[in-house]
Amino acid sequence: MSAEYPRHRIGQAARLSGVSPANIRYYEREGLLPEGARADNRYRLYTDAEVHRLRFVRLCRAMDMSLPEVRALLALDAHGAPAPHAACATLDEHLEHVRTRLQELRTLERALKDLRGRCDGTGAQCQVIEALHQRADAEPVPEPLATARRHV
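These figures come from a predicted structure and were not determined experimentally.

The rules behind the values
- Residues numbered from 1 in each chain as written.
- Predicted model: local features only at pLDDT ≥ 70, side-chain atom pairs only at ≥ 80, totals over all residues.
- Heavy atoms only, no water.
- Patch = residues over 30% accessible without salt bridge, like charges linked within 9 Å, V, L, I, M, F, W, Y side chains within 5 Å.
- Areas by Shrake-Rupley, 256 points an atom, 1.4 Å probe, with all protein chains shown as cover.
- Salt bridge = Lys/Arg side-chain N within 4 Å of Asp/Glu carboxyl O.
- Helix = DSSP H or I, 4+ residues; strand = E, 2+ residues; numbered from the N terminus.
- Buried < 20%, exposed > 50% of the residue type's maximum accessible area, 1.4 Å probe, protein only.
- Phe/Tyr/Trp six-rings, centres within 6.5 Å; stacked < 30°, edge-to-face > 60°.
- Polar contact = N/O pair within 3.5 Å; in protein donor to acceptor, adjacent residues only side chain to side chain.
- Contact = heavy atoms within 4.5 Å.

K.L.:
Give a description of a nonpolar patch on the surface that names residues and reports values.
P.N.:
Judged by side-chain polarity, Leu102, Leu105, Leu108 and Leu112 come together as a nonpolar surface patch covering roughly 340 Å² of accessible area. Here leucine 105 is to be found in helix H5 (residues 86–116).

If you want it as structure tokens, here you go:
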């Protein structure tokens, strides 16, 4: 822990950082933040530096970075980058993920527009529901993935 005196209880640290108390505890369990010091009454206490770290984590997560990506950036910050601009590699990988996800979202948008185009709002029955039933019957059952993994 920082030599700085811990003075913020978890609720105040949450307000100052924009990170909920539940997420603060989660980030502690995940090793993104050292477990807060404890006061005599067992309340968690955080330093200004730890509140800043929470803000850093919140910013990274708002940019859709995964916990391992955030962890990598924090490690580079704490230990110094082994090579100049090492954080760029983490960002490049994340950019590639974002580009892939954008392509997936564009494909999804086209599919949803096509589905929405199946019904013009007239007629006795909504054609969207019928189209979904037809599509569900037509699609093959996917093979289970050995290592299903989301980015975030």
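K.L.:
If you had to explain the pattern of salt bridges to someone new, which residues and values would you point to?
P.N.:
Evaluation of the coordinates by the stated rule reveals 6 salt bridges. With its nearest N and O atoms 3.8 Å apart, the salt bridge here joins glutamate 109 to lysine 113. With a gap of 4 residues between them, glutamate 109 and lysine 113 both fall in helix H5, about one helical turn apart. Here lysine 113 falls in the exposed class, since its relative accessible area comes to 56%.

K.L.:
Account for the packing of aromatic side chains, naming residues and giving values.
P.N.:
Using the criterion set out here, one finds 1 aromatic pair in the structure. Between tyrosine 26 and tyrosine 27 the ring centres are 5.9 Å apart and the planes differ by 50°, which places this aromatic pair in the tilted class. Residue tyrosine 26 is classed as partly exposed on the basis of its relative accessible area, which comes to 31%.

K.L.:
Explain the side chain of arginine 44 to me, and be specific about the residues and the numbers.
P.N.:
Relative to the helices and strands, arginine 44 resides in strand S3 (residues 44–46). In this structure the side chain of arginine 44 is engaged in a polar contact, spanning 3.0 Å, whose partner is the side chain of glutamate 28. Beyond its immediate chain neighbours, meaning those up to four positions away, arginine 44 contacts His8, Arg9, Ile10, Arg25, Glu28, Ala37 and Arg38.

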